[in-house]
Amino acid sequence: MTKTKRLFFLFFLPCVLLLVIFYTPSGLEDRIYKCYFTIWINLVCIYIVWLLIITKRKIDLFDPFVLATLIHILLFEISPLYYIFKGEMLWFNIDVWDGCIKGTWLSTIGYVSMAIGYFINFKIGSHVSGEIYREKNNNYQDSYLISVENCNDKIMMVSSCIWMFAFLSSVILIVTSGQNLKYMLTLKLSDSANSNELTRSSFQFLGVFAYMMVPSFLYILHFGKSKVFKIIVFYLMVMSFLIRGFRFILVAVIIAPVVMVYLIKRKRPKLSQLVILFIILLLMIGFVGFIRNGIRTGEGISSGFNTDEIEKAFFGNFEIFKTYYGIMKHIPKDLSYTYGQQIFLYTLIMFIPRALWPSKPEPVTRSVITTSISAYANMAGTAYPYIGEYYHEFGVAGVIAGCFILGILLKKLSVYIFRIDIHSIILFSSVYPLILQVLIRGYMPSNFYMILFVVLPVFLLKYIDKTKYK
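This write-up is about the structure you can find in this document.

Criteria and thresholds
Counting of residues starts from 1 at the beginning of each chain's written sequence and follows it residue by residue. Totals for whole chains, interfaces and linings use all residues, but because this is a predicted model, local features are given only for residues with pLDDT of at least 70 and pairs of side-chain atoms are given and counted only at 80 or more. Neither water nor hydrogens contribute to the side-chain values; these are computed over all heavy atoms in the structure. Secondary structure elements follow DSSP: runs of H or I no shorter than four residues count as helices, runs of E no shorter than two count as strands, and numbering proceeds from the N terminus. Here's how the labels work: a residue is buried when its accessible area is under 20% of the maximum for its type, exposed when over 50%, partly exposed in between, all with a 1.4 Å probe on protein chains only. Where helices are involved, their axes are fitted lines through C-alpha atoms of the stretch in contact, as for all axes, and angles between N-to-C directions lie from 0 to 180°. If an angle is under 35 degrees, it is roughly parallel; if it is over 145, roughly antiparallel; if it lies from 65 to 115, roughly perpendicular; otherwise it is oblique. When the near helix sits turned anticlockwise from the far one by under a right angle, the crossing is termed left-handed; a clockwise turn instead gives a right-handed crossing. Contacts are assigned to residue pairs that have any heavy atoms within 4.5 Å of one another. Nonpolar residues are Ala, Val, Leu, Ile, Met, Phe, Trp, Tyr, Cys and Pro. Charged residues are Asp, Glu, Lys and Arg, and all others, Gly as well, are polar.

## Digging into the overall build of the protein chain
Thought 1: Per the secondary structure count, the protein chain includes 20 helices and two strands.
Thought 2: Looking at the 470 residues of the protein chain, the share that counts as buried comes to 53%.

## Remarks on the packing of helix α8 (residues 213-223) against helix α9 (residues 227-242)
Thought 1: The geometry of α8 relative to α9 is characterised by a closest axis approach of 10 Å and an angle of 165 degrees between their N-to-C directions. By the angle between their directions, the pair α8 and α9 is classed as roughly antiparallel. Pair α8 / α9 crosses with left-handed handedness. Packed against α8, whose contacting residues are M213, V214, F217, I220 and L221, the element α9 presents F229, K230, V233, F234, M237, S240 and F241 at the interface.
Thought 2: Counted by class, the contact of α8 with α9 contains 10 nonpolar, one polar and one charged residues.

## Concerning the environment of F418
Thought 1: As for its position among the elements, F418 is in the loop between α17 (386-414) and α18 (422-431).
Thought 2: For the pair F418 and L263, spaced 155 residues apart in the sequence, the C-alpha separation amounts to 8.6 Å.

## Observations regarding unusual backbone geometry
Thought 1: Following I331, the chain continues to P332 via a peptide bond in cis, the omega torsion being 10 degrees.
Thought 2: As for its position among the elements, P332 is in the loop between α13 (321-330) and α14 (341-349).
Thought 3: Not every positive phi belongs to a glycine, and R266 is a case in point at roughly 55 degrees.
Thought 4: The partly exposed category is assigned to R266, whose relative accessible area is 39%.

Read these as layout, nothing more, since geometry by itself doesn't imply function.
Given below as structure tokens:
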């Protein structure tokens, strides 16, 4: 570990923790003060966990556990503190803070379980084996160039076909939902569909095919020779996701190419570059959050975008911790554990189109949200973090087991940082930014198919590529 990083962990972060407790808001209710102090204690616990990690392990900037930690802290510590400072305590006009203390401690238990799953020593898929793998392959650039020379045209052709299929799937979904192609391409109000005509498409299942645009675009970006074609593909992809109001996939579209470039060059971004990227993402998240309602209803883009909108959109992604508090408060008291109805059963049946199964049941998450918050919150489409899903399925044991398995899966993903072939690099670059969605939206049926259709093009193109890597 560098001297700068040691100073950051040993001096700067403790100072921040002291400032948080020193500037405790005044006039808090006793129960909210207890929540505030509990959150602070859990921040200290996570800090201690990281002290233990950095003294024993070498951590890469693109390490999935680093991103998972950042998202976890934003969900269960930073955002609750932010809303306490803001005094915005209600969630759909419901007070859910009685679930804070239990929920905060349970989230930290889950985080520790994820850390154990991630850092436990397995013979297959460890950081050490990954580093040795790369060190033994000093001919990394030579192997990589062979792949470019032998399979450039074939990979480019197949990846373009995959991208086109995914894009057309997205277009069909958009059109059958009531929008038109001109509005999708321009977002001009004059070309928009009538908001009263927008409906729920019978082709919702096509939405998962659209995720294949991300890895196939990375292949096009890397192997393609025409800059104009790359720009057109990127623009169409962004607009097709933008009109559906998906912020997380737009984040992935921006982050994935950046990660790919750095992995290929075997470099890591500097602090200044990270700051610039973060600002760009903030602006994008804020803008999409500002216009998403107008886009989804076909009413167009209104004026008034400012820094308040950016702040609102950013923390709005993490405010669903309040739904998680509601789950802690009402399950299993008012609704029994769901025992795998969502993670296992609905994952199996979700992909079946309603056109083929009109009576297909609704996901159990609707009952969970209705009971934990309200029927209105369910209709509004609120969600809850990953630990909330593990808990309402199997209780505390579900949180421990679910987070442990998640840690193992993140560790297996981290091995691809050290692989020498372009397919592994693109697989990691495509999946890595989706960790955000997996942790923020604890909905296994959707997350499973999202990851599945992101990695499928990579496996197909790797099979087509006959280059042998040492």
